[in-house]
Amino acid sequence: HTQSGKLHIMAERPTKKQRSSMVNWRDAKEARPEMEKHFKTLAAQFVKYIQESYEWPDVGVERLEKMLDYTVPGGKYNRGLLCIWTAIDTCKMKGKEFDEKTELLSVVLAWCVEILQACFLVSDDVMDSSVTRRGKPCWYKIPEVGMDAVNDALILESFLFFLIEKYFSGEQYVALMKLFHDVSLKTQMGQMLDTMSEKAKGKEGIFDKFNMKYYTRIITYKTAFYSFYLPAASALIACNIVDSSALKACEEICVAMGVKFQIQDDYLDCYGDPEHIGKVGTDIFDHKCTWLLVIALQMMNEGQRKTLEANYGNGIEDKKAEQTIKELYKELDLEKVYEKQEADSLQQCTALIQKYSKILPAETFDRLLKKIHKRSK
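So, here is what we can say about the structure in this document.

Reading the values: the criteria
- Residues numbered from 1 in each chain as written.
- Predicted model: local features only at pLDDT ≥ 70, side-chain atom pairs only at ≥ 80, totals over all residues.
- Heavy atoms only, no water.
- Helix = DSSP H or I, 4+ residues; strand = E, 2+ residues; numbered from the N terminus.
- Rg over C-alpha atoms; globule rule 2.2 N^0.38 Å.
- Buried < 20%, exposed > 50% of the residue type's maximum accessible area, 1.4 Å probe, protein only.
- Contact = heavy atoms within 4.5 Å.
- Areas by Shrake-Rupley, 256 points an atom, 1.4 Å probe, with all protein chains shown as cover.
- Disulfide = S-S within 2.5 Å.
- Phe/Tyr/Trp six-rings, centres within 6.5 Å; stacked < 30°, edge-to-face > 60°.
- Lys NZ or Arg CZ within 6 Å of the ring centre and 35° of its normal.
- Salt bridge = Lys/Arg side-chain N within 4 Å of Asp/Glu carboxyl O.

**Here we look at the overall build of the protein**
Looking only at helices and strands, the protein features 15 helices and two strands. Whereas a compact globule of 377 residues would reach a radius of gyration of roughly 21 Å, the protein reaches 22 Å, a difference of no more than 12%. Counting across all 377 residues of the protein, residues that qualify as buried make up 54%. Residue pairs at least 24 apart in sequence account for 78% of intrachain contacts in the protein once pairs closer than 6 positions are excluded. Roughly 18,500 Å² of accessible area belongs to the protein as shown, and the carbon and sulfur atoms make up 53% of that amount.

Structure representation (structure tokens):
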């Protein structure tokens, strides 16, 4: 996309020459600019549809173009690329060629996943009063946008359903609509539980509620479904695997990986080097229900519990309280517990991948597991 924020985009599907399967999708450096080329085309198709079907005025068209270009591209595209990689490995498993049609459909779905992510991020930034996102001001922070961002998030969701309708039909269309609606709802409910835990500071008995079941439910719904299951399941459907047993197996593996990933996130929020992970941890300040907190609550004595209750979630101003909690975690030797959980979750995920290797592309999940196991950022 160009400096001005305008999308100089073609209105129709990419020609064969532009979408040659020579792209090495495994190489993220090569794949990202390739994905962005496709995005310009998909955004142009949506804009053209609005412009022509709704007889939309130029000022509205420009606003829509600017919003799409500002909010959707610019991430790492990990979720989108997972979708493409799963499609490549599924074709390989089935002994079929990853041809241009499958490539295009998997790229469209990769963008549907990324657009849903953008929709969540635009909303999250408003709820969290965030200032920057992906190295630039949050969309709602743009002076002429403000709270209009709430409606923009809804438009983004409509954009992804427009793409599914444009590129898919029959059984695939039905399966994808069901998948995206289902995962959206699950993520929204996970977000609701997560924000409730932040607002629960000082409520009677709140630390009794923060148990492993409650925690696992938050992270499964808030993170695992849309970050792991959605990209992988979308790719299976693009490759004509729509039966519920395969999708259920995919869900089982992806949820286990998503839980592992989020536990790592919680750990890095507290123990990671901000320089290395690219952000300063805020979970303790924010009264988040995290894996570390839940494990600490299981292990601590009464005196430690009183210390925790007095210092957990005291806000960003109280640096001393955060330090007290970190020292408490050290006393409980949570790093050792975390290392055991890393090893156990590796075993669990490996066993699941093995279990379903006849019906799912084990290669995708093996690569993904290798990538996330023992990650440090």
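**So, the environment of Ile-263**
Inspection of the secondary structure puts Ile-263 in helix H9 (residues 244-271). Separated by 48 residues in sequence, Ile-263 and Tyr-215 have C-alpha atoms that sit 10.0 Å apart. Ignoring any residue separated from it by four or fewer positions in sequence, one finds Ile-263 in contact with Tyr-215, Ile-219, Trp-291, Tyr-338 and Gln-341.

**Structural notes on the environment of Ser-169**
Along the chain, Ser-169 turns up in the loop between helix H5 (149-167) and helix H6 (170-198). For Ser-169, a relative accessible area of 54% translates into the label exposed. Along the backbone, Ser-169 and Ser-227 are 58 residues apart, and their C-alpha atoms lie at a distance of 25 Å.

**As for the state of the cysteines**
The tally for this structure, following the rule as stated, stands at zero disulfides. Its sulfur unpaired, Cys-91 is 4.1 Å from the next cysteine sulfur, which belongs to Cys-239. Here Cys-254 is not cross-linked by a disulfide; its sulfur's nearest cysteine counterpart is in Cys-250, at 3.9 Å. The exposure class assigned to Cys-254 is buried, which follows from its relative accessible area of 2%.

**Focus: the packing of aromatic side chains**
Applying the stated criterion across every chain, the model contains 19 aromatic pairs. With centroids separated by 6.3 Å and ring planes inclined at 65 degrees, the aromatic side chains of Phe-39 and Phe-159 adopt a geometry described as edge-to-face. Pair noted here: Phe-39 is in helix H1 (residues 28-53) and Phe-159 is in helix H5, with a separation of 120 residues, a long-range link. Between Phe-225 and Tyr-229, the ring centres sit 6.0 Å apart and the planes meet at 85 degrees, which makes this aromatic pair edge-to-face. Residue Phe-225 and its partner Tyr-229 are located together in helix H8 (residues 212-238), separated by four residues, close to a single helical turn. Residue classification places Phe-225 among the buried positions, given a relative accessible area of 3%. For Tyr-229, a relative accessible area of 6% translates into the label buried. In this structure an aromatic cluster arises from ring pairing among Phe-39, Phe-46, Tyr-49, Tyr-54, Trp-56, Tyr-77, Trp-111, Phe-159 and Phe-162. Its guanidinium or amino end placed over the ring of Phe-225, Lys-186 lies 4.9 Å from that ring's centre, counting from NZ or CZ.

**Structural notes on the pattern of salt bridges**
Using the criterion set out here, one finds 19 salt bridges in the structure. Taking the shortest distance from any N to any O, the salt bridge between Arg-63 and Asp-152 comes out at 2.8 Å. Here Arg-63 is found in helix H2 (residues 58-71), whereas its partner Asp-152 is found in helix H5, with 89 residues between them in sequence. Assessed through its relative accessible area of 27%, Arg-63 is described here as partly exposed. By relative accessible area, which is 3% here, Asp-152 ends up buried. Note that Glu-144 is salt-bridged to Lys-66, the shortest N-O span being 2.7 Å. With a gap of 78 residues between them, Glu-144 in the loop between strand E2 (136-137) and H5 and Lys-66 in helix H2 connect regions that are remote in the sequence. The exposure class of Glu-144 is exposed, given its relative accessible area of 51%. Here Lys-66 falls in the partly exposed class, since its relative accessible area comes to 32%.

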